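Descriptive structure summary
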Amino acid sequence: EQNELNNIMVNDSVFKIVYLAQFHKHKRHLELITSLKNYLKCKDNVKLVLFGDGKEMRKIRSLAKAFGIENKICFAGRVDRKYVPFYLKNSSISVVLSNVETFGHNILEPLFYGIPVISSDVGIASDVIKDFFA
C-alpha cells in the first residue's frame with residue numbers, strides 16, 4: 001500500500017482529502033465516510049487518504065466495501081512523523097472530525113503547509129480556523 005499511497009500523493013490530477021488520525025470511535029471515521037460516500041462515488045479524481053491505525057480500522061474498511069467506495073479510499077496506515085510534511089504538502093484538503101483533540105497537531109500542521117482544513121469545533125479549531133480566510 002505504500003506504493004499506492006505515494007502514487008496518489010504525487011498525482012496532481014487527484015484531489016486528496018486527508019485525515020491524520022488513529023482509528024478510534026471519537027475520531028469519527030464512520031461519520032466521515034458515511035457523509036462522503038456519494039461524493040466519492042461520483043468523482044473519478046478524488047481519493048480519501050486515511051492515515052493511522054487502531055481498533056476501528058477493520059470496521060471502517062468493511063463499511064467502505066459495503067458502500068462500494070473501497071477503491072476511493074487509501075488506508076495509509078501509521079506513518080513515520082518525518083514523512084508527514086511530504087504527505088501534507090501534497091494534499092488538497094485536510095479534515096478533522098474528532099470529538100476530542102488534546103494538542104491539535106492535525107489541525108495546525110496542514111495549515112502550516114497552506115492546506116485548507118475542515119474541522120469539527122474541537123480543541124484549538126475555533127481559534128485557528130476562520131471561515132473564508134486563507
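Everything numeric in this text was worked out from a predicted model, so none of it was measured.

Our next topic: the pairing of strand β2 (residues 46-51). Side-chain direction in a regular strand flips from residue to residue, so the side chains alternate between the two faces of the sheet. Of all six residues in β2, six are buried; the element is thus mostly enclosed. Across six bridges, strand β1 (residues 15-20) lies against β2 in parallel orientation. The partner of Y19 across the bridge, within β2, is L50. Of the crossover connections in this fold, the one passing from β1 over helix α2 (residues 29-42) to the parallel β2 is right-handed. Once the chain exits β2 it traverses helix α3 (residues 57-67) before rejoining the sheet at strand β3 (residues 73-77), and the crossover so formed is right-handed.

A few words on the packing of α2 against α3. The contact between α2 and α3 brings their axes to 10 Å, and the two run at 25 degrees. Looking at the two axes, α2 sits roughly parallel to α3. The handedness of the crossing between α2 and α3 comes out as right-handed. Along the contact surface, α2 presents H29, L30, I33, T34, K37 and K41, while α3 presents I60, L63, A64 and F67. In terms of residue class, the contact of α2 with α3 is built from six nonpolar, two polar and two charged.

This part covers the packing of aromatic side chains. For the structure on display, the rule yields four aromatic pairs. Between F51 and Y87, the aromatic rings sit 5.1 Å apart at their centres with planes inclined by 45 degrees, giving tilted as the arrangement. Of the two residues, F51 sits in strand β2 while Y87 sits in helix α4 (residues 84-89), which places them 36 residues apart along the sequence. Take F51 and Y87: they sit in the same class, and that class is buried. Summarising the aromatic geometry, the rings of F86 and Y87 are spaced 5.2 Å apart at their centres and angled 65 degrees between planes, so their arrangement reads as edge-to-face. Its relative accessible area of 35% is what places F86 among the partly exposed residues. On the basis of relative accessibility, which here comes to 4%, the residue Y87 falls in the buried class. Directly above the ring of F67 sits K37, whose terminal nitrogen or CZ lies 4.3 Å from the centroid.

The next thing to look at is the pattern of salt bridges. If charged atoms from side chains of opposite charge come close, those side chains can pair. The full count for this structure, using the stated rule, is two salt bridges. Between E31 and R28 there is a salt bridge whose closest N-O contact spans 3.9 Å. Residue E31 is classed as partly exposed on the basis of its relative accessible area, which comes to 37%. The partner of E56 in a salt bridge is K59, with the nearest N and O atoms 3.4 Å apart. Relative accessible area serves as the criterion here: at 43%, K59 is assigned to the partly exposed category.

With that out of the way, let us pick up the nonpolar core. Core analysis: the largest hydrophobic core is formed by 24 residues, its most contacted members being Y19, L32, I33, L48, L50, I73 and F75. Mapped by element, the contributors of at least two residues to this core are β1, α2, β2, α3, β3 and β4 (93-96). For this core, the leading source of residues is α3, giving five residues. Formed by 14 residues, the second largest nonpolar core is a distinct cluster that contains L5, F51, V79 and Y87.

Rules and cut-offs
Residues numbered from 1 in each chain as written. Predicted model: local features only at pLDDT ≥ 70, side-chain atom pairs only at ≥ 80, totals over all residues. Heavy atoms only, no water. Buried < 20%, exposed > 50% of the residue type's maximum accessible area, 1.4 Å probe, protein only. Helix = DSSP H or I, 4+ residues; strand = E, 2+ residues; numbered from the N terminus. Pairing = 2+ DSSP bridges. Right-handed = clockwise from strand over helix to strand, strands pointing away. Axes fitted to C-alpha atoms, helices over the stretch in contact; angles between N-to-C directions. Parallel < 35°, antiparallel > 145°, perpendicular 65-115°, else oblique. Left-handed = near helix turned anticlockwise from the far one by under 90°. Contact = heavy atoms within 4.5 Å. Nonpolar A, V, L, I, M, F, W, Y, C, P; charged D, E, K, R; others polar. Phe/Tyr/Trp six-rings, centres within 6.5 Å; stacked < 30°, edge-to-face > 60°. Lys NZ or Arg CZ within 6 Å of the ring centre and 35° of its normal. Salt bridge = Lys/Arg side-chain N within 4 Å of Asp/Glu carboxyl O. Core = buried A, V, L, I, M, F, W, Y, C linked by side-chain atoms within 4.5 Å.

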